[in-house]
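Architecture at a glance
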Amino acid sequence: MNDTEIRTIFLEEIGNIAPESDSRKLDPAADLREALDLDSMDFLNLMTAIHRRVGVNIPELDYPELFTLDGAIRYLANQLK
Amino acid sequence: MSADVVDFRMPSLGADMEAGTLVEWLVKPADKVKRGDIVAVVETQKGAIEVEVFEAGEVAEILVEPGARVPVGTPLARIRTSTMAEAAGERPRASPEIVAAPPGALSRPQSLSAAPAGVPRREGGRVLASPAARELARSVGVDLAAVVGSGPDGAIVREDVLRSRATSEVKKPLGLDLGVMREAIAAAMARSKREIPHYYLQHQFDVTAIETWLARTNGDRPPAERLLFAALAIKAVALAVKRFPQFNGFWREGRFEPSAAIHVGTAIAIRGGGLAAPALHDVDRLSLDELMARLRDLVQRMRAGRIRSSEIAYATITVSSLGERGVEALFGIIYPPQVALVGFGTILRRPWLVGEDVQARSVLTVTLAADHRVSDGHAGALFLAEIGKLLQEPESL
Amino acid sequence: MNLAPDALKAPAGGGGLIETTYREAVREAIREAMLRDERVFMMGEDVGRYGGCYAVSKGLLAEFGPDRIRDTPLSESGFTGAGIGAAMAGLRPIVELMTVNFSLLALDQILNTAATIRHMSGNQFGVPLVIRMATGAGRQLAAQHSHSLEGWYAHIPGIKVLAPATLEDARGMLWTALLDPDPVLIFENVMLYNMTGQLSAAAGAVDIDKAAVRRAGEDITLITYGGSLWKTLAAATALESENIRAEVIDLRSLRPLDDDTILRSVRKTRRALIVDEGWRSGSLAAEICARIVEGAFFELDAPVRRVCSEEVPIPYARHLEEAAIPQTSKIVAAVKTVFGRS
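About the thresholds
- Residues numbered from 1 in each chain as written.
- Chains lettered and ligands numbered in written order.
- Predicted model: local features only at pLDDT ≥ 70, side-chain atom pairs only at ≥ 80, totals over all residues.
- Helix = DSSP H or I, 4+ residues; strand = E, 2+ residues; numbered from the N terminus.
- Buried ≥ 20, exposed ≤ 12 C-beta atoms within 10 Å, placed from the backbone.
- Contact = placed C-beta atoms within 7 Å.
- Arc of directions from axis to C-beta.
- Pairing = 2+ DSSP bridges.
- Nonpolar A, V, L, I, M, F, W, Y, C, P; charged D, E, K, R; others polar.
- Right-handed = clockwise from strand over helix to strand, strands pointing away.
- Axes fitted to C-alpha atoms, helices over the stretch in contact; angles between N-to-C directions.
- Parallel < 35°, antiparallel > 145°, perpendicular 65-115°, else oblique.
- Left-handed = near helix turned anticlockwise from the far one by under 90°.
- Core = buried A, V, L, I, M, F, W, Y, C linked by C-beta atoms within 7 Å.
- pLDDT = per-residue confidence, 0-100.

Digging into the overall build of chain C
A tally of helices and strands in chain C yields 13 helices and 14 strands. For chain C, buried positions account for 50% of its 342 residues. Across chain C, contacts joining residues at least 24 apart in sequence account for 80% of those joining residues at least 6 apart.

Quick look at helix 10 (residues 259-269) of chain C
Residue and element names in this part refer to chain C. Burial in helix 10 covers these residues: I262, S265, V266 and T269. Seen from one end, helix 10 has its buried residues packed into an arc of 95°, which puts them on one side. Elements in contact with the buried residues of helix 10: strand 9 (212-215), strand 10 (220-224), strand 11 (246-250), strand 13 (272-279) and helix 11 (284-296). Downstream of helix 10 by a residue or two, R270 has a phi angle that is positive, lying close to 70°.

Points about the sheet that holds strand 3 (residues 32-33) of chain B
Residue and element names in this part refer to chain B. Here we have 4 strands laid out as an open sheet, ordered 1-8-6-3, and antiparallel in their pairing. The strands lining the two open edges of the sheet, one partner per strand, are strand 1 (4-9) and strand 3. Bridge count for strand 6 (residues 57-62) against strand 8 (residues 75-81) is 5 bridges, and the pairing is antiparallel. Within the sheet, the bridge partner assigned to E58 lies in strand 8 and is R80.

Some words on the interface of chain C and chain B
Contact residues are listed per partner, giving 11 residues for chain C and 10 residues for chain B. Residues that form the side of chain C that touches chain B fall into these classes: 6 nonpolar, 2 polar and 3 charged.

Details of the pairing of strand 10 of chain C
All names here are of chain C. Among the 5 residues in strand 10, 5 count as buried, and that is most of the element. In strand 10, alternate side chains face the same way, and those of I220, L222 and T224 on one face and T221 and I223 on the other are all buried. One crossover worth recording links strand 10 to the parallel strand 11 by way of helix 9 (residues 228-239), and it is right-handed. Pairing analysis gives 3 bridges linking strand 10 to strand 13, with the strands arranged parallel. Of the residues in strand 13, the one forming a bridge with I223 is I274.

Let's talk about the interface of chain B and chain A
Listed per partner, the contact involves 14 residues of chain B and 14 residues of chain A. Among the elements of the structure, helix 4 (208-219) and helix 6 (288-303) of chain B are those that each provide at least two residues to the side of chain B that touches chain A. Class assignment of the residues belonging to the side of chain B that touches chain A gives a composition of 6 nonpolar, 4 polar and 4 charged.

Examining the environment of R24 of chain A
Here R24 of chain A is to be found in the loop between helix 1 (3-17) and helix 2 (32-35). Residue R24 of chain A is classed as exposed on the basis of its C-beta count, with 6 C-beta atoms lying within 10 Å.

Details of the packing of helix 9 of chain C against helix 13 (residues 328-338) of chain C
Residue and element names in this part refer to chain C. Between helix 9 and helix 13, the least distance of the axes is 8 Å, while the angle of their chain directions is 50°. With respect to each other, helix 9 and helix 13 are oriented oblique. Read as a crossing pair, helix 9 and helix 13 show a hand that is right-handed. Residues K231, T232, A234, A235, A238 and L239 of helix 9 form the contact with helix 13, whose own contacting residues are T328, I331, V332 and V335. Its residues assigned to classes, the contact of helix 9 with helix 13 comprises 7 nonpolar, 2 polar and 1 charged.

Things to note about the nonpolar core
All names here are of chain B. Ranked by internal contacts, the top residues of the largest apolar core, which has 200 residues, are I234, V237 and V264. Here the element with the most residues in this core is helix 5 (residues 229-243); it accounts for 10 residues. Setting aside residues no more than four positions away along its own chain, V237 makes contact with V264, I317, V319, V342 and I387.

Description of the pairing of strand 13 (residues 255-258) of chain B
All names here are of chain B. The pairing of strand 12 (residues 249-252) with strand 13 spans 4 bridges and is antiparallel. Residue pairing for strand 13: W251 is matched across the bridge by F256. Between strand 12 and strand 13, which pair antiparallel one after the other, the connecting turn spans 2 residues, and E253 there sits at a positive phi close to 45°.

What about the sheet that holds strand 4 (residues 92-99) of chain C?
All names here are of chain C. Taken in spatial order, the 7 strands make up an open sheet running 3-2-4-5-7-6-12, and their pairing is mixed. The open sheet has two free edges, formed respectively by strand 3 (69-71) and strand 12 (253-255), since each of these has just one partner strand. Averaged over all neighbouring strand pairs, the angle between strand axes comes to 20°, with direction disregarded. Pairing between strand 2 (residues 40-44) and strand 3: 3 bridges, direction parallel. Within strand 3, the position partnered with M43 by the bridge is R70. Its contacts with the sheet place helix 8 (residues 167-179) against strand 2, strand 4, strand 5 (130-135), strand 6 (160-162) and strand 7 (184-189), and it is angled at close to 165° to strand 7.

As for the packing of helix 10 of chain C against helix 11 of chain C
All names here are of chain C. One way to put it is that helix 10 packs onto helix 11 with a least axis distance of 10 Å and a crossing angle of 65°. With respect to the hand of their crossing, helix 10 and helix 11 are arranged in right-handed fashion. Contacts from D259, I262, L263, V266 and R267 in helix 10 reach I288, R291, I292, G295 and A296 in helix 11.

Quick notes on the environment of E311 of chain C
All names here are of chain C. The topology assignment puts E311 in the loop between strand 14 (305-309) and helix 12 (318-324). Of the residues examined, E311 has 9 C-beta atoms within 10 Å and is grouped as exposed. Taking the C-alpha atoms as reference, E311 lies 8.9 Å from G278; in sequence the two are 33 residues apart. What E311 contacts, discounting residues up to four positions off in sequence, is W279, R280 and S281.

Remarks on the confidence of the model for chain C
Across chain C, the average pLDDT comes to 94, with 96% of residues at 70 or higher. Every residue in residues 1-12 of chain C scores below 50 in pLDDT, and together they form 25 contacts with partners more than four places removed in sequence or on other chains.

Topic: the environment of D42 of chain A
Structurally, D42 of chain A is set in helix 3 (residues 40-54). For D42 of chain A and I14 of chain A, which are 28 residues apart along the polypeptide, the C-alpha to C-alpha distance reads 9.2 Å.

What follows is the structure, given as structure tokens:
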């Protein structure tokens, strides 16, 4: 799975949680929680969805690495290698 | 339909009333009564007060003779009701609103018109409803306390009853009307601030232990099975309220009706604006995992605007958290006719004294907004302390 | 005007429609009565040579002569008393009082004599008298000529009180009133005299004891009479844009009140608003409100509201006069409050 595929899946799942968000306008370095008004329940649901979609079980300790779009893609790419 | 015999009890006609003297009976055995009928006169420190009955049926037996002084809650008479069987039972005061029924099992229709559904319109402790609305509600069995009014001065009019009834009969998921929701929030909150004498308490607790416990617990679990602190907080409130029932129930018709069931309203922000506080039912009887699953499902559907009418059932107390917004403390406005709201701030790392040493600890600010007509600050402080104690012993949850 | 299809329909019979005014309709009613019954005569201040202060009786002196169209001195009590005597003695007088304000000078005759003789005489005498008078504001005639006191008269047992608001009623109520064995007072709103419209050439007597539904609606009953009818109908039309379908009742008779028509409508719409140019306190509107609450309380879906005149002597200045009395905009605003809208 390449970065583009990861990015597409990640943005799809964000879209399920924050349907009104516009992924094209998302700053890849911005904190998603701030940019998209995600709370801990939203974030947990995002992690659950990613686990289901790509099989990566992200421990809570690693959550901070996925707070940005760039960070999330990087993290998932590493895990999927 | 079936007949049941329920007790008509000495009501609490004020937060400070312990006992009252029965002055006069206005009914006798075999008399028919309906909800709202004045059946007796009771003497209190505040003077003679006419007491209404909340059941429809027939007076089966008079238990207390005029002149007797009895404690609040003492059965005064027995009423053979003709209401739904589930409306009778072990509840302390036989009022159909506080039936502890699971979602979907309620035969009583509920309003879906907006978030704080079940907001009663009251002036001087009475539901403000037109005569025609009352007549219709009686004939079709709609509880006016569950109807949001749209008439003059916010009064419930006929159409509101019809809408409430129609809504309750709709089983398919419905979208939410954020405009209507805003209006309902405005009405409920304005009414709350107008009518409920709030008092506010705040306490800070060291929750490092429960954070550690939570991290350890979640460490072994895939995301789908992880717990959030919110679930622990809701559970702690539900368990604490068992010991402090004066924070669980409703202020209605000028008095407090405690609820045996513990349904925790959970304030959930709606994307696009708005707020709803659907109830998680019987929280005290749920395991943490069950509670978390329910909460997760509820939040997801609520956020997406898919809500079931059964979820707008009565909460008996509300929990609110703005933790993710980074505020240290929030002071809530009580959802009428509830009598308390517990607020959780965000957990912050703070210098904290452990013994004589200053340490970095996780500190949580918990607040209580409570109705002074029902409880006092002392009880509130003990209630908050109980929540804090439970939060420091995760195994107890 | 948007009227209920049947409400103002011309009575059956040929003759087609004629263009006329309320004033001419009243005059035609007087003429017809004079022609049909030689016991009928009319008297009042300036009704003869001057043709009536609102020109209602213009031309009648020439047609019927001074015995039947009689100018009187400025003495309301005197000539009203004379009319009572004539009626008791077998004639059928029409007494014209210039305005309801001046009728107070004849109040003793109306209340203590006309309304009570049948009772006081043990039914030996009746007073088949008709008194017509102008009422209402809007012509900048100031506080001594502009009041609406018909509600006071509607308080009095022993008389009937009518308020024709349409051409048909202006044309048709007089004859029926003259047939009545007891005194009948007819109040003509000054703003209606110039109203033009189509009237059947065959128009004639109408009943004088039933209210009329002038516009059918489902959501609220607007109850009014006289000059306020047209403002109320205009309000009902304006309320369509608010999606409020108003029913409009023209009381026609202020005493007796047609409770059946009022209550039937209110039981249907469950809301009521009364428009009355009288002052609010102790008004006819208050009486109607009380009857609705007595008779339809459990059907009501909103408090009964009223649009009445401000409690001031009617001002002279036009803008103040307009502000003092019910207007279409006030009615629309009041109706919206009944629906909890601002």
